[in-house]
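Listed here are the chains, written in short residue letters.
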Amino acid sequence: MKASKKNNIIAQLTCAALALPGIVQTAHAGRVEETYNADFQYGLYSESDNRIEVNIFEGALSAPIGKAFTLNVNLVRDVIAGASPVYNQKLNGKVQQLISGASPNSSCGASICEQRDAISSGLSYFFDGGSVNLNGGVSKENDYLSRYVGSNLSLDLNKKLTTLNFGGSVSFDEIDPSVSPWAHTTANFGRIHEDKTSQNYLLGVTQIIDKDSLFQSNQTFSYSHGYLTDPYKWVEVEVAAPGFSFSLPIEELRPREKFQWAWLNQYVRHFGELNDAALHLDYRFSMDDWGVDSHTFEASWHQPIADGWRIVPRVRYYSQNSADFYQPTFSGQLTSDFRQLAGYSAYSSDYRLAGFGAFSGGVKLIKEITDLKSINRLSFQTGIEFYDHQASYQLGGNSSGDFANFNYYLFTASFNLKF
Amino acid sequence: MKIFNVFIVIGAVMNCVACTEVLPRQRGNLAWPQMALTPDALEFGLRQHTSFSKEAGGGGYGGGGGGCGCN
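Residues numbered from 1 in each chain as written. Chains lettered and ligands numbered in written order. Predicted model: local features only at pLDDT ≥ 70, side-chain atom pairs only at ≥ 80, totals over all residues.

**Some points on the overall build of chain B**
The helix and strand inventory of chain B stands at 2 helices and 0 strands. When each of the 71 residues of chain B is scored for burial, the buried share is 55%. (Helix = DSSP H or I, 4+ residues; strand = E, 2+ residues; numbered from the N terminus. Buried ≥ 20, exposed ≤ 12 C-beta atoms within 10 Å, placed from the backbone.)

**Thoughts on the overall build of chain A**
Secondary structure summary: chain A contains 1 helix and 21 strands in total. For 419 residues, the compact-globule formula gives about 22 Å, and the C-alpha radius of gyration of chain A, at 24 Å, lands near that figure. If one aligns the C-alpha atoms of chain A with their principal axes, the spans along those axes are about 80 × 45 × 40 Å. Out of the 419 residues in chain A, the part that is buried amounts to 44%. Expressed as a percentage of contacts within chain A between residues at least 6 apart in sequence, the contacts between residues at least 24 apart total 60%. (Rg over C-alpha atoms; globule rule 2.2 N^0.38 Å. Contact = placed C-beta atoms within 7 Å.)

**Here we look at the interface of chain B and chain A**
How big an interface is tends to be reported as the loss of accessible area on association of its parts. With 52 residues of chain B at the contact, the number on the chain A side is 91 residues. Residue assignment for the side of chain B that touches chain A shows that the elements contributing at least two residues are α1 (2–14) and α2 (41–54) of chain B. Broken down by element, the side of chain B that touches chain A gets its largest block of residues, 11 residues, from α2(B). The class makeup of the residues in the side of chain B that touches chain A is 23 nonpolar, 23 polar and 6 charged. (Nonpolar A, V, L, I, M, F, W, Y, C, P; charged D, E, K, R; others polar.)

**Considering the sheet that holds strand β13 (residues 244–251) of chain A**
Residues and elements named next belong to chain A. Reading across from one edge, β13-β12-β18 is the order of the 3 strands in this open sheet, with mixed pairing throughout. In this open sheet, the two strands that pair with only one neighbour each are β13 and β18 (330–331). Summarising the sheet, strand β12 (residues 234–241) and β18 pair through 2 bridges and their orientation is parallel. Considered in β18, the bridge of E238 is made with S331. (Pairing = 2+ DSSP bridges.)

**Topic: the nonpolar core**
Core analysis: the biggest nonpolar cluster contains 42 residues, and A:V235, A:A323, A:Y347, A:L353 and A:A354 have the highest contact counts within it. Contributing elements (two or more residues each) for this core: β2 (53–65), β3 (69–82), β4 (85–91), β6 (112–127), β12, β19 (356–369) and β21 (406–418) of chain A together with α2 of chain B. With residues near it in sequence (within four places) discarded, A:Y347 still touches A:V235, A:E252, A:L253, A:F325, A:F330 and A:L341. Among the nonpolar cores identified, the runner-up in size contains 15 residues, and A:I208, A:A277, B:C19 and B:M35 belong to it. (Core = buried A, V, L, I, M, F, W, Y, C linked by C-beta atoms within 7 Å.)

Below, the structure written as structure tokens:
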């Protein structure tokens, strides 16, 4: 049986979901979803070498209100356990990561035991020629609180062949590191409490090219200021003293501002002769004033198989260069309190600020059922993805060694109900 | 790569030499679920969250949402 084609074309001109559990925009101009929509997803994220493991439980509900409004709500819980690299040590000329170890008082048997709960909601209003959306949410962990509000505007032009998208959001975050051997402390070795504010803006255009293809191009701008340091990361410093040298770890320090720009281009093409398969191609370039440029290439093939089944293989390649203030280990002089690196305004050995590349590949299976009496459509999805992070995968090469290499797999299973 | 992006945008949108008039009755193919820019929003959100936590690059996909202490 053919999968449901009841979705109006306008529903497909979407500028995609927010990066973190927030609002999913199911349509822009001309409200399309006249049904209620319920989703539930389970995810399992698991890193190599017994590092981080996260169980994710998420639910979302969307409801039409009156003639022109849609309300949606999203709830998510992440249960996080495991260990994480703290800093790099240089032993006998070789660099290796020091991974956080479990403390005797650990509630889950690992060095990191955390739970993140988030709720977000959005209201969309559809008018002739466009739509406007207001959204907001809260995300809470033991050591991190984030609250945000945002708004999006979509305008249809050119007989609805072209859609312009404008978005903006601001987030107010509070950081209170949990008591742990590696948590940063104040000058008096007390617990720290810090704030961070982030603004994000989007300018985008979606264009129907012909009856089988469309294209989206987005530019995003983000500016963060406040406490941008990771309060659990340290750096090793080799200090030269007269006649000998010694190494010791000190807390990392990042700039208090960051500006990032990204440009994403997405192309989608329908192949009627291949059972209505679709090809998705994405390329994104990003750069920031910490010196990190990145390239992301992603391709997926959506192939309907008989009777409501669809299979979606996907590949992705990501590459970034290192931040200006990143080094695997440092050498220099310390300030008089032995807690900061003298002559540096910022320094970090966080593996996520190093130069590296990552290949990932995955496959997803979808089953749609549309012949149920009281339910418009029920669909099930399950997928698995494997991601491999290696320094040597960086575009242009990287000879810094394999000490920070790791991989993870991500399993997802979900169902969606339209009623 | 940035120059390549510029030409893609100009060619497909501004000039639209490749764009044809697509009447409403012809837009059926574009309405397939697999033709949506984000066919599975929850899975997309989870993958974006994972990338945000493990990579320094980011952006482009819209919105900002909130932050997290993701390690």
